[in-house]
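# Observations on the three-dimensional arrangement
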Amino acid sequence: LSDDDLAKATSVRQGLLGAWWFTCTCPRCTSPDKARGLVCPACCGTIIPGADGGPTPCQACDTVPDAVDWNQLTQSEAKAGALLASATSRTPVSQLLEVQAEVGRWAALGRHWIGFWVDGLLRRAYARAKRWPLAAWFAERRVRDLELV
């Protein structure tokens, strides 16, 4: 796996490793998925999906979202994942900013792999446009976010 792949969700990493007929059972792959931090509907804290894909209690208020809220969060996550799947390093900045805005509605700040991936694409897009301060800002944000997952 590449460095970027290591920041992805457990299911994505396991899918990549499956091509090698390998199932990882390290603590990170068998614990709640820290790369998928979702916003708690009750307090805007962080909910981490459990190893089974279901919600764990919010890290701030200890609330577990009901089925309706959880489905809404995971459907929004899937929608953003689909938008990201079509994005490349040549995707216009305006489209990447739309994906980033969508992620910001449901992902805990700095705690979701899709936001991390979009930040990388934005860093490359701003570097290509020679907008160095913005490229550096997104590079620094990616490093900070890696510490959270």
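Residues numbered from 1 in each chain as written. Predicted model: local features only at pLDDT ≥ 70, side-chain atom pairs only at ≥ 80, totals over all residues. Heavy atoms only, no water.

### A look at helix α5 (residues 93-106)
- With 14 residues, α5 ought to run about 20 Å at 1.5 Å a step, and its terminal C-alpha atoms sit 21 Å apart, in line with that.
- Of the residues making up α5, those classed as buried are L96, V99, Q100, E102, V103 and W106. Buried residues of α5, seen end-on, are gathered within an arc of 160° and therefore sit on one face of the element. Facing away from the buried side of α5, by more than 90 degrees, are the exposed residues E98, G104 and R105. (Helix = DSSP H or I, 4+ residues; strand = E, 2+ residues; numbered from the N terminus. Expected span 1.5 Å × (residues − 1). Buried < 20%, exposed > 50% of the residue type's maximum accessible area, 1.4 Å probe, protein only. Arc of directions from axis to C-beta.)

### Examining the environment of V68
- Relative to the helices and strands, V68 is located in helix α4 (residues 67-85).
- Measuring from C-alpha to C-alpha, the distance between V68 and I47 comes to 15 Å, with 21 residues separating the pair along the chain.

### Describing the nonpolar core
- Residues L84, V103, W106 and I114 are the most contacted members of the largest nonpolar core, which totals 26 residues.
- At the level of elements, α4, α5, α6 (113-128) and α7 (132-148) are the ones that each hand at least two residues to this core.
- Sort the elements by how many residues they give to this core and α6 lands first, with 8 residues.
- With residues up to four places along the chain from it excluded, the contact list for V103 reads A80, I114 and G115. (Core = buried A, V, L, I, M, F, W, Y, C linked by side-chain atoms within 4.5 Å. Contact = heavy atoms within 4.5 Å.)

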